[in-house]
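Chain residues, written in single-letter form:
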There are 2 protein chains.
Amino acid sequence: MTDYEMFELGDFTLQQGATLRAAKLAYKTYGTLNTDKSNVIVYPTWYSGQHYDNEWLIGEGMALDPQKYFIIIPNMIGNGLSSSPSNTPAPYNKARFPQVTFYDNVRAQHQLITQVFGIEKIALVVGWSMGAGQTYQWAVSYPEMVERIFPFCGSARTSIHNIVFLEGVKAALTADAAWKGGWYDEPPTTGLRAVGRVYAGWGLSQAFYREQVHLQIGYSSLEDFLVAFWEGFFLKKDANNLLTMLWTWQNGNIGNTPGFDGNFEKALGSIKAKAIVMPAEMDLYFPPEDNEYEVKFMPNAELRVIKSVWGHFAGGGANQADTQFIDENIKELLAS
Amino acid sequence: MTDYEMFELGDFTLQQGATLRAAKLAYKTYGTLNTDKSNVIVYPTWYSGQHYDNEWLIGEGMALDPQKYFIIIPNMIGNGLSSSPSNTPAPYNKARFPQVTFYDNVRAQHQLITQVFGIEKIALVVGWSMGAGQTYQWAVSYPEMVERIFPFCGSARTSIHNIVFLEGVKAALTADAAWKGGWYDEPPTTGLRAVGRVYAGWGLSQAFYREQVHLQIGYSSLEDFLVAFWEGFFLKKDANNLLTMLWTWQNGNIGNTPGFDGNFEKALGSIKAKAIVMPAEMDLYFPPEDNEYEVKFMPNAELRVIKSVWGHFAGGGANQADTQFIDENIKELLAS
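Remember, it's a predicted structure, so these values are computed and weren't measured experimentally.

1. Focus: the environment of A:Asn54
Residues and elements named next belong to chain A.
- Among the secondary structure elements, Asn54 is positioned in the loop between strand E3 (40–42) and strand E4 (70–74).
- The sequence separation of Asn54 and Leu204 amounts to 150 residues, and the corresponding C-alpha distance is 19 Å.
- Setting aside its immediate chain neighbours within four residues, Asn54 contacts Tyr43, Pro44, Thr45, Trp46 and Ile73.

Spelled out as structure tokens, the structure:
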């Protein structure tokens, strides 16, 4: 039994030129749309995350309170629930699944929200990591529609260093001959485990490991953390799905929205939404410096930094203090 | 024709229990040993580096001036010139090459220096990265012999985060089925290239890529930098040699010197040498914080940070400003 709905996008032509036929967008909603449709929050997913992975930020008394808001979590294309290499029929299956941008994802989400729910205003778009990429994209693609954005631990344009980090992830995965250029019948488990080990150094900070937080949260040794958490995390994922989302991530840049001709700063300047941009102090691939640069060009944005040793995962919902800090700031943004 | 000498170590029993028979230590010297043997500098190599890779820090008018000093560069065990998986006969060849510690390396170097040259005092031990690991080890293993140490972009104990970074490197390399558990006949080139891509994000800083320094130094694009520099760098290396040195690195800890029972702080406290410890501000795997901790326990040490966007490679000799800063500080240490 599934706990989500499926929106049929029909023939969906992507920014890079391919057409996904009978494309699908999986989503889940929380709470009730009020009569004037003014209580909408859109909360896109992150790299490999599915809607339920976002639920830690939703709850009674929290900023994302389903008693007050109608919260929509659209699953990112490629994440295994929406159209993905793993669930698309030939000829666009597996290694042939096309390249998808944040722009495409947000356009699909816009169709869902307008066609299914008749929504015209969004009180808030909020997202972590690649979810933040989609959050910025919402504000650029639909500036009249989005009232507030709260991108955390993400960026409006993927930095060169971040692209390089992802090259390492991709190279580790595709070094496994079982991957077969994407035409595997059995999962390339060696490559997926290697991805887990490569990711383990990036996802958290030097200080996280220095303070041995991995032991405090229930792992019996460093090796146990690498196997039980990191290898376990990626072993459950489909390799082609990961590579599809990785391409989306590497090519993240709101400057590539039609009308901006690659002008990143101009795209930032077009954002009308009120924004709190929230990096984590020790995030190794979305460092605060990149967001500082963005906020300079955004007319109505403020930078606030999460002080935490959790690095990128300060925004992952695993650490209570970080979650509380994020939640309080979203409350403040929603009240403004 | 070789430009180095070979010292025969004979049967050399390692800290972990194996005996390397007919073990060899390759080395090169620069300058002339003076009559009272007071002008000795030992300058160990780094991860996969060979003696000539150290030569950027040697020159007339520089701190390491062969007109004044007798400089010895010993090649690290496993680096392809000294005893290594790639040059050791069966049964200790290839994947069966034993585990080697910094302690072993320094003991071999000590034999060279005392037996071949009759040296009793070392004016300075200096080294970058794993060379820094050997530098600390010299000061702990032979405290009466070492007058000064200058470890840069390295540590006396490999941090947990650094160990995790190396797990990613190792997993990427060994994901290539051509590696065959170390029993390859042809190099596992896919894995070696993957190592290059994984390393590319770690070796330099976020700011290095943000400022596009890779373009300023002669690469035509990011992809060109990843292929021509990073893949090219590791493709020339032997996979088992890399894994041997990786084990040495991951297990770096002067606290494991016999007599200290794993007590890291006690080992730091035993260092008699005058020290300047020099991390690079944006080094992602040897961050300054780890050296700050060390210096607290060292009786005669000072921490000085290289301000540079070059990350770990601030100590690699590629950036003139960093090289000059390092050189000036070594001069100051030698004069004191």
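That covers the picture; the talk isn't over yet.
2. Thoughts on the sheet that holds strand E4 (residues 70–74) of chain B
Residues and elements named next belong to chain B.
- One open sheet holds the eight strands; their spatial order is E1-E2-E4-E3-E5-E6-E7-E8, and the pairing between them is mixed. Where the open sheet ends on each side, the last strands, each with one partner, are strand E1 (5–13) and strand E8 (301–303). Ignoring strand direction, the axes of neighbouring strands in this sheet form an average angle of 20°.
- Examined bridge by bridge, strand E6 (residues 148–152) and strand E7 (residues 274–277) share two bridges and lie parallel to one another. Each bridged residue has a counterpart across the sheet, and for Ile149 the counterpart in E7 is Ala275.
- Against the sheet, helix H1 (residues 102–116) engages E1, strand E2 (19–30), strand E3 (40–42) and E4, with an angle of about 125° to E1.
- Where helix H2 (residues 130–141) meets the sheet, it contacts E3, strand E5 (124–128), E6 and E7, and its direction lies at approximately 155° from that of E5.

3. So, the interface of chain A and chain B
- Counting residues at the interface gives 31 residues for chain A and 31 residues for chain B.
- The contact between chain A and chain B buries some 2600 Å² in all, and 73% of this surface belongs to carbon and sulfur atoms.
- Contact with chain B buries area across many residues of chain A, yet A:Ile160, A:His161 and A:Val164 alone supply 21% of it, more than any other trio.
- There are four salt bridges connecting chain A and chain B.

4. Re the pairing of E4(B)
Residue and element names in this part refer to chain B.
- Extensive coverage of E4 is indicated by the burial of five of its five residues.
- On E4, burial covers both faces: Phe70, Ile72 and Pro74 on one face and Ile71 and Ile73 on the other are all buried.
- Two elements, E2 and E4, share four bridges in a ladder whose sense is antiparallel. When the sheet's bridge partners are listed, Thr29 is paired in E4 with Ile72.
- Sheet topology note: the E3/E4 ladder contains three bridges and is parallel. Residue Val40 lies in a different strand from E4, and its bridge partner there is Phe70.

5. As for the domain arrangement of chain A
Residues and elements named next belong to chain A.
- Domain boundaries in chain A define domain 1 (5–158 + 252–335) and domain 2 (162–245).
- The C-alpha-based centres of domain 1 and domain 2 are spaced at 23 Å.
- In this assembly, 28 residues from domain 1 lie in contact with 31 residues from domain 2.
- Summed over both sides, the interface of domain 1 with domain 2 buries roughly 2500 Å², with 67% coming from carbon and sulfur.
- By the criterion of area lost to domain 2, the three top residues of domain 1 are Tyr47, Leu284 and Tyr285, representing 28% of everything that side buries.
- If you look at where domain 1 meets domain 2, you find one salt bridge.
- The partner of Lys94 in a salt bridge is Asp185, with the nearest N and O atoms 3.6 Å apart.
- There are eight residue pairs in polar contact (both at pLDDT 80 or more) connecting domain 1 and domain 2.
- In terms of residue class, the side of domain 1 that touches domain 2 is made up of 16 nonpolar, ten polar and two charged.

6. Some remarks on unusual backbone geometry
- With an omega of 5°, the peptide bond between A:Ala90 and A:Pro91 qualifies as cis.
- For A:Pro91, the location among the structural elements is in the loop between E4 and helix H1 (102–116).
- Even without a glycine there, the phi angle at A:Lys180 is positive, about 50°.
- Even without being a glycine, B:Ser48 presents a positive backbone phi close to 80°.
- Note that B:Ser48 resides in the loop between E3 and E4.
- Owing to a relative accessible area of 3%, B:Ser48 belongs among the buried residues under this scheme.

7. Focus: the sheet that holds strand E2 (residues 19–30) of chain A
All names here are of chain A.
- Pairing in this open sheet of eight strands is mixed, and the strands run E1-E2-E4-E3-E5-E6-E7-E8 from one edge to the other. Every interior strand has two partners, whereas the edge strands, strand E1 (5–13) and strand E8 (301–303), have only one. Here the strands of the sheet are splayed against their neighbours by 20° on average, with no regard to which way each runs.
- Where E1 meets E2, seven bridges bridge the pair, whose relative direction is antiparallel. Looking across to E2, one finds that Glu8 is bridged to Lys24.
- The sheet strands contacting helix H2 (residues 130–141) are E3, strand E5 (124–128), strand E6 (148–152) and strand E7 (274–277), and the helix crosses E5 at an angle near 155°.

8. Structural notes on the packing of helix H4 (residues 189–203) of chain A against helix H3 (residues 160–174) of chain B
- As a packed pair, H4(A) and H3(B) sit with axes 7 Å apart at the nearest point and diverge in direction by 155°. The angle between H4(A) and H3(B) falls in the class roughly antiparallel. As for the relative orientation of H4(A) and H3(B), their crossing is left-handed in sense. In contact with A:Thr190, A:Ala194, A:Arg197, A:Val198, A:Ala200 and A:Gly201 of H4(A), H3(B) contributes B:His161, B:Val164, B:Glu167, B:Gly168, B:Ala171, B:Ala172 and B:Thr174.
- Residues of the contact of H4(A) with H3(B), tallied by class, amount to six nonpolar, five polar and two charged.

9. Looking at the side chain of A:Thr158
Residue and element names in this part refer to chain A.
- Residue position: Thr158 is located in the loop between E6 and helix H3 (160–174).
- For Thr158, a relative accessible area of 8% translates into the label buried.
- Looking at Thr158, its side chain comes within polar contact range of the main-chain oxygen of Trp249, at 2.5 Å.
- Discounting residues that sit within four places of it in the chain, Thr158 has contacts with Ile163, Trp249, Gln250 and Gly252.

10. Points about the UniProt feature "domain: AB hydrolase-1" (unreviewed entry) in chain A
- When the UniProt feature table is mapped to this numbering, "domain: AB hydrolase-1" (unreviewed entry) covers residues 62–313 of chain A.
- Between the first and last C-alpha atoms of residues 62–313 of chain A the distance is 20 Å; the span itself is 43% helix and 9% strand.

11. What about H1(A)?
All names here are of chain A.
- With 15 residues, H1 should cover 21 Å at 1.5 Å per step; its first-to-last C-alpha distance of 21 Å lies within 8% of that length.
- Listed in full, the buried residues belonging to H1 are Phe102, Asp104, Asn105, Val106, Ala108, Gln109, His110, Gln111, Leu112 and Ile113.
- In this fold, the buried residues of H1 make contact with E1, E2, E3, E4, H2 and helix H8 (239–250).
- The first or second residue beyond H1 is Gly118, which carries a positive phi of 60°.

About the thresholds
Residues numbered from 1 in each chain as written. Chains lettered and ligands numbered in written order. Predicted model: local features only at pLDDT ≥ 70, side-chain atom pairs only at ≥ 80, totals over all residues. Heavy atoms only, no water. Helix = DSSP H or I, 4+ residues; strand = E, 2+ residues; numbered from the N terminus. Contact = heavy atoms within 4.5 Å. Pairing = 2+ DSSP bridges. Axes fitted to C-alpha atoms, helices over the stretch in contact; angles between N-to-C directions. Buried area = accessible area lost by both parts, 1.4 Å probe. Salt bridge = Lys/Arg side-chain N within 4 Å of Asp/Glu carboxyl O. Buried < 20%, exposed > 50% of the residue type's maximum accessible area, 1.4 Å probe, protein only. Domains from an automatic or database assignment. Polar contact = N/O pair within 3.5 Å; in protein donor to acceptor, adjacent residues only side chain to side chain. Nonpolar A, V, L, I, M, F, W, Y, C, P; charged D, E, K, R; others polar. Parallel < 35°, antiparallel > 145°, perpendicular 65-115°, else oblique. Left-handed = near helix turned anticlockwise from the far one by under 90°. UniProt positions renumbered as here; feature names shortened; annotations may be inferred. Expected span 1.5 Å × (residues − 1).

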